[in-house]
Amino acid sequence: ASRRDSGRRVKRAGVGIDQRRGGAAGMVKQSSSHEPPQRPRYTNHQQSEIVEMFVAQELIGQGWNVAYPRSSHSIFDLIAVQGSRALRIQVKSTRKRVGNRLLFDTTRYQAKAEKGARKIISCNDCDVAVLVSVMNMELFVVPVSHIRTCHFAINETNYPKYFRKFSNLRPCKP
């Protein structure tokens, strides 16, 4: 139930802005129900940048030096260097869960191709794919040579093979 009060809309029950009783403009009064707080929604670009920073932080924690390619149109997202090894890393994230599987889109847009043309990532593009479940920020390190289709599923069988397996960080062998 709401009513007009000196040109401002005031909501009496539930969530609303109460400017009439001295509340600051834009201050939200919470309802009495116990709803969990909603996560902020990010654009795909924002989400990919957050996930790339998360992966970079994890790699640094494992003793790698991490750099971003200078071009925003690079085929890979990160460069990881440790000693004399340098790896090209493609970061992919997902919110998709099908049954007990996490489903990752393992394609990329082709440069200088028809609009919307997509290609499965390969050893020519990068050495390793790091797949991240956005729902709980689980990280899976997958050699690109293991990716053969446009969707890669993480399930109970391959979960231990890829979950936080930084030992999979090695140059790609087709």
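Residues numbered from 1 in each chain as written. Predicted model: local features only at pLDDT ≥ 70, side-chain atom pairs only at ≥ 80, totals over all residues. Heavy atoms only, no water.

### Description of the nonpolar core
Right, on to step 1. With 19 residues, the main nonpolar core has Val55, Leu59, Leu78, Ile89, Val130, Leu139 and Leu169 as its most contacted residues.
Right, on to step 2. Elements with a contribution of two residues or more to this core: helix H1 (44-61), strand S6 (78-82), strand S7 (85-94), strand S12 (128-133) and strand S13 (138-143).
Right, on to step 3. It is H1 that provides the largest number of residues to this core, a total of five residues.
Right, on to step 4. Setting aside residues up to four positions removed in sequence, valine 130 forms contacts with Val55, Ile89, Gln90, Val91, Lys92, Leu139 and Phe140.
Right, on to step 5. In this structure, Leu102, Phe104, Val142 and Val144 belong to the second largest nonpolar core, which totals 16 residues. (Core = buried A, V, L, I, M, F, W, Y, C linked by side-chain atoms within 4.5 Å. Buried < 20%, exposed > 50% of the residue type's maximum accessible area, 1.4 Å probe, protein only. Helix = DSSP H or I, 4+ residues; strand = E, 2+ residues; numbered from the N terminus. Contact = heavy atoms within 4.5 Å.)

### Here's the deal with the packing of aromatic side chains
Right, on to step 1. Under the defined criterion, the tally for this structure stands at five aromatic pairs.
Right, on to step 2. A centroid spacing of 6.4 Å and a plane angle of 70 degrees characterise the contact between phenylalanine 104 and phenylalanine 140, whose relative ring orientation is edge-to-face. Note that phenylalanine 104 is positioned in strand S9 (residues 101-105) and phenylalanine 140 in strand S13, a separation of 36 residues in sequence. Considered together, phenylalanine 104 and phenylalanine 140 belong to a single accessibility category, that of buried residues.
Right, on to step 3. Taken together, Phe104, Phe140, Tyr159 and Phe163 form an aromatic cluster joined through their ring pairs. (Phe/Tyr/Trp six-rings, centres within 6.5 Å; stacked < 30°, edge-to-face > 60°.)

### As for the side chain of aspartate 125
Right, on to step 1. Tracing the backbone through its elements, the reader meets aspartate 125 in the loop between strand S11 (118-120) and S12.
Right, on to step 2. Setting aside its immediate chain neighbours within four residues, aspartate 125 contacts Ile75, Phe76, Arg88, Arg108, Lys119 and Ile120.

### What about the state of the cysteines?
Right, on to step 1. With the rule as written, the count across this model stands at one disulfide.
Right, on to step 2. With its sulfur 1.6 Å from that of its partner, cysteine 123 forms a disulfide with cysteine 172. With cysteine 123 in the loop between S11 and S12 and cysteine 172 in the segment after helix H2 (159-162), this residue pair connects regions lying 49 residues apart in the sequence.
Right, on to step 3. The exposure class assigned to cysteine 123 is buried, which follows from its relative accessible area of 17%.
Right, on to step 4. On the basis of relative accessibility, which here comes to 17%, the residue cysteine 172 falls in the buried class.
Right, on to step 5. Free of any disulfide, cysteine 126 has its nearest neighbouring cysteine sulfur in cysteine 172, separated by 7.4 Å. (Disulfide = S-S within 2.5 Å.)

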